[in-house]
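One-letter residues, chain by chain:
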Amino acid sequence: MRSISTPSDVLPPDGEGPPTPVRGRFSDGRSAASWVVGIRIERGHLVIEPDVDNDGSPTRVTPLAWPLGAIECGEPIGSKSVDVLIHEPRRAGATVFVADPRFVRALGKAAPQLTGAVTRWKAVQPFVVLAACVAVVVGALAAIDFSPARTIAGLIPQQTRAFLGKQVVRNMVPVGSTCSTPAGKAALDRLVAKLSAAAGGGRTFEVAVSNAKVVNAFAAPGELIVLMNGLLQQAAGPDEVAGVLAHEMGHGIELHPEAGIVRTVGLVVAAELLLGGTGGGNIGSIGVGLANLSYSRSAEREADGHALAILKAARISPEGLAKFFARMERLEGGSSPVSGKNAEGKTADGKTADRSSSGGSSNDDSGFPGFELLRTHPSSRDRVKDIKAAMGTYPAVPAMDAADWAALKAICGETPRAPQPGKPSRKDPVADRPGRDI
Amino acid sequence: MTARQFVYETPLPLTATAPARLHTPPVVVTWRHLSGLVRLALLNFALNVVTLGMYQFWAKAEVRKRIWASVRVNGEPLSYAGSGRELFHGFLIALVIVAVPALMLPLFAVVAFGNDGVPIAQVVLYVAFAFLFGFAVWRAQRYRLSRTSWRGIRFGLDGSGLGYAWASLWTLALIPLTLGWIVPWRSTMLQKRLIDGMSLGDRRFTFDAKTGPLYLRYLVMWLVTAALLVLGPLLATRAGVLAATQMSRGDAATLPPEMVAGGIFAGLLLMMIYGLTSAWYRAAQFNHFARSTRLGDIQFNGRMSGFGLFGLTLGNWAIAIASLGLLLPLIQARSAHYMISRLDVIGGETLEAIIQSAADPSAAKGEGLANAFNFDAF
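As a convention, each chain's residues are numbered from 1 in the sequence order in which they are written. The lettering of chains begins at A and the numbering of ligands begins at 1, in the order of writing. Residue-level local features of this predicted model are given only where pLDDT is at least 70; pairs of side-chain atoms are given and counted only at 80 or more, and the full residue set underlies all totals for whole chains, interfaces and linings. Excluding hydrogens and water, the side-chain values take into account all heavy atoms of the structure.

1. Examining the overall build of chain A
In terms of regular secondary structure, chain A is built from 14 helices and 11 strands. Note on classification: 1.4 Å probe, protein chains only; a residue is buried when its accessible area is under 20% of the maximum for its type, exposed when over 50%, partly exposed between these limits. Burial status across chain A gives 47% buried among its 438 residues. Note on conventions: DSSP H or I runs of at least 4 residues are helices, E runs of at least 2 residues are strands, and numbering of each starts at the N terminus.

Listed below in structure tokens is the structure:
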């Protein structure tokens, strides 16, 4: 045992500790035996003195002094603590257990680094600084419109992107519901080739048509585009389809689908990390799902820019695209909730207020087609204005001739209807059009 | 407070040479009431959010210190010497060794074998995880024991973690093959591997359980489970048929409320029966294991009851659901309290003669693997 002085040299306490002597149990860490000791706080040290022996005579052992800055506690001192276990400096093995609440409070005051509040703050501090830096960096990146997901997406090799795209298409389009009558396929291929050439960069896009009633089209990774039959039927002319395809090609050129996947994976991992520790993992997954529902407006503007460039290079008027979006906004904005049995869902005012209640795939068999397009492609006046501004600035020819257009419209002639999610597939082989005139 | 508790929870003028008490047991294990846990849990959650989840390791360490300090042997607390930093390092190691390969493996399998690679990767991952789980149990136990001490004397765990993991894996594979009959033997065998390696200072624990006594209770539980497994789907299909006939009969697109309520009630009743039987068995298992464990001249006894354990489990579930998992420390403390209150210690006159072991306390690494499996002591 180390000692600092003989008992007679120990100075009287100078008011740091409680006035009455406090007893504790001391173990030397070499065996499980324990001794009663007197303990007090003095001049930044914990002074431990052996207690008197059973027969009343003081023992011959000299006191210990442990510096308050070096001791550790078995558990952090709190406001309600009634006892404390003190470890020798550097956890060398000796311990003292004191069951006196006043002493514990005094110790907490004399050595605040032993309290729970201080230990917590010491642990949290570096991470709070780190989190603040991360927030600043993320904010700065967002301000200059830098997207790490987009950069990472650019690093994915072409084969992997194509593979990913095929997986996505396989998930979204059930096997056997791809439309491909020879004439329709030929017409489509001609249009796609024209647009791909106009897109430049040596890219060749591949377009598949799915026999689904929803009015939608989406770009999958790896220069793949899926067009739904519902959109073909709703389109009033080949220029509109060409416009939509050019828009989706814009998404593909900007790697938006790939970036979306990278973002989702990143968000899932981040949510697991952040919330997994506190059991909030489920909340995180829901949040991630919600965050990924639609493209951002800036993404849409980028795609629009490419679409206009492609249409211009292919000498197709952008009026078709503008008209199509305008019509879709009118229709979806005024459409009735899904449960309605009547087919005439639109209201006269065409408000977009209840967009959230409409859209999504229809559960109703008698056939209000789901206008999903606008739910995943937010529109705005500016976009239509920009598109309209490009109209008439160059000589345009129709995207395809009448024969090709008729063939394209009938491309799903003999294909069985693709089942809506959540609905049993109908056995009706004939593709009946919604029969709505716009 | 009983007289026995009072005697050992206040400091005594008892030195190493004092005569032993004749009418009170030399070793008493009690539980000190733990307050302020709800506040601590909420505070930890807030700090977790602020640090983007990084604080969870320190939060866990602090909760453990509080719970360990509530276990009193002869009035003096156990001490937990682990830190959040050790848990954090263990987590990082586990991330590199476990998580990243686990994520990469399906990708490699697909690249190498095409679409057929996916089931191969899944099987490999499943087996690897089952092995790693056993290993993680061992490592976590060793880490926690090496960081636990009483009166400065450290606990320890000797033996081979890989051996334990292998034993856990091959017996796990046998469970479906034996229709579950191997479970009691497996639990006993794994517990023996753990306890036989445990030590307090220089004194080792021993475990001498025979599985025999457990099998009677297990028979009852097996029969009840089998009955429920048969009954459950039967009831479900009956309910489905009833529902279908109901819906096709009228134009009401919804089921009558009595039927839904009846279905839910039946389901809950089946779950309660299973829960009670399972708790009854687990209590018997705890008592049996406790009675089979020795530490030198100290013997243990368990007094858990099926109803008590069932009540504890129900309460824990209620707390977990109501707080969305935030009040996990409270659940851990409740479980520890119940276990300590049902554990008796017999004998132990030579307790104070135990001397410190020579093992280096910093040998055991943190329990990153156990963290990766989201696994804890209780």
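Structure's up, so let's keep going.
2. Notes on the pattern of salt bridges
Just to be clear on terms, a salt bridge is a Lys or Arg side-chain nitrogen sitting within 4 Å of an Asp or Glu carboxyl oxygen. Counted according to the given criterion, the structure contains 23 salt bridges over all chains. Two residues, Arg40(A) and Glu49(A), come together in a salt bridge whose shortest N-O distance is 2.9 Å. Its relative accessible area of 25% is what places Glu49(A) among the partly exposed residues. Across the pair Glu75(A) and Arg66(B) runs a salt bridge whose closest N-O atoms are separated by 3.1 Å.

3. Structural notes on the interface of chain B and chain A
Taken together, the contacts link 49 residues of chain B with 39 residues of chain A. Around 3900 Å² of area is buried between chain B and chain A when both sides are counted, 60% of it from carbon and sulfur atoms. Our count for the chain B to chain A interface comes out at 5 salt bridges. Every element with two or more residues in the side of chain B that touches chain A is listed here: helix 2 (37–50), helix 3 (56–70), strand 3 (76–80), helix 4 (84–113) and strand 4 (148–150) of chain B. By the convention used here, residues are in contact when the closest approach between their heavy atoms is within 4.5 Å. Buried area adds together the accessible area that both of two parts lose upon being put together, with accessible area traced by a 1.4 Å probe.

4. Digging into helix 4 (residues 158–172) of chain A
Residues and elements named next belong to chain A. A rise of 1.5 Å per residue sets the reference length of helix 4, with its 15 residues, at 21 Å; its end C-alpha atoms lie 21 Å apart and thus fit the reference within 8%. Turning to helix 4, its buried residues are Arg-161, Ala-162, Gly-165 and Val-169. Across the axial projection of helix 4, the buried residues extend over an arc of 100°, all falling on one side. Residues of helix 4 that are exposed and point more than 90 degrees away from the buried face comprise Gln-159 and Asn-171. Multiply 1.5 Å by the residue count of a helix minus one, and that product is the helix's expected span. Directions from the helix axis toward the C-beta atoms define the arc.

5. Structural notes on the sheet that holds strand 7 (residues 95–98) of chain A
What links the strands of a sheet is backbone hydrogen bonding, and the strands pair in either a parallel or an antiparallel sense. All names here are of chain A. Here we have 7 strands laid out as an open sheet, ordered 4-3-2-1-7-6-5, and antiparallel in their pairing. One side of each edge strand has no neighbouring strand; the edge strands of this open sheet are strand 4 (64–67) and strand 5 (72–73). Bridge analysis of strand 1 (residues 22–27) against strand 7 gives 4 bridges, and the strand direction is antiparallel. For Gly-24, the partnering residue across the bridge sits in strand 7 and is Val-98. Strands in contact with helix 1 (residues 101–110) are strand 1, strand 2 (35–42), strand 3 (45–50), strand 6 (84–87) and strand 7; relative to strand 2, the strand with the most contacts, it is inclined by about 40°. In short, DSSP must find at least two bridges between two strands for them to pair. Helix axes use the C-alpha atoms of the stretch in contact, all axes being lines fitted to C-alpha atoms, and the angles between their N-to-C directions lie in the range 0 to 180 degrees.

6. Thoughts on the nonpolar core
Counting 69 residues, the largest nonpolar core has Ile67(B), Phe205(B) and Phe300(B) as the members making the most contacts within it. Excluding residues that lie within four positions of it along the chain, Ile67(B) makes contacts with Trp31(B), Leu34(B), Pro329(B), Gln332(B), Ala333(B) and Ala336(B). Within this scheme, the nonpolar core is defined by two criteria: the residues are buried Ala, Val, Leu, Ile, Met, Phe, Trp, Tyr or Cys, and they are joined through side-chain atoms within 4.5 Å. Membership of the second largest hydrophobic core comes to 46 residues, among which are Ile225(A), Ala246(A), Ala314(A) and Tyr394(A).

7. A word on helix 8 (residues 212–249) of chain B
Helix length check: helix 8 of chain B (38 residues) gives 56 Å between terminal C-alpha atoms against 56 Å at 1.5 Å per residue, within 8%. Looking at the buried side of helix 8 of chain B, the elements it contacts are helix 7 (183–197) and helix 9 (257–292) of chain B.

8. Focus: the confidence of the model for chain B
All names here are of chain B. Taken as a whole, chain B shows an average pLDDT of 83; of its residues, 86% reach a score of 70 or greater. Note on scores: pLDDT gives the predictor's confidence for each residue, bounded by 0 and 100. Confidence scores differ between elements of chain B, with helix 1 (residues 3–9) showing the lowest mean pLDDT of 35 and helix 10 (residues 306–322) the highest of 95. Taken together, the stretch residues 1–22 has pLDDT below 50 and engages in 28 contacts with residues farther than four places along the chain or on a different chain. Here the predicted complex scores 0.66 on pTM and 0.82 on ipTM.

9. Description of the environment of Ala226(B)
Residue position: Ala226(B) is located in helix 8. For Ala226(B), a relative accessible area of 28% translates into the label partly exposed.

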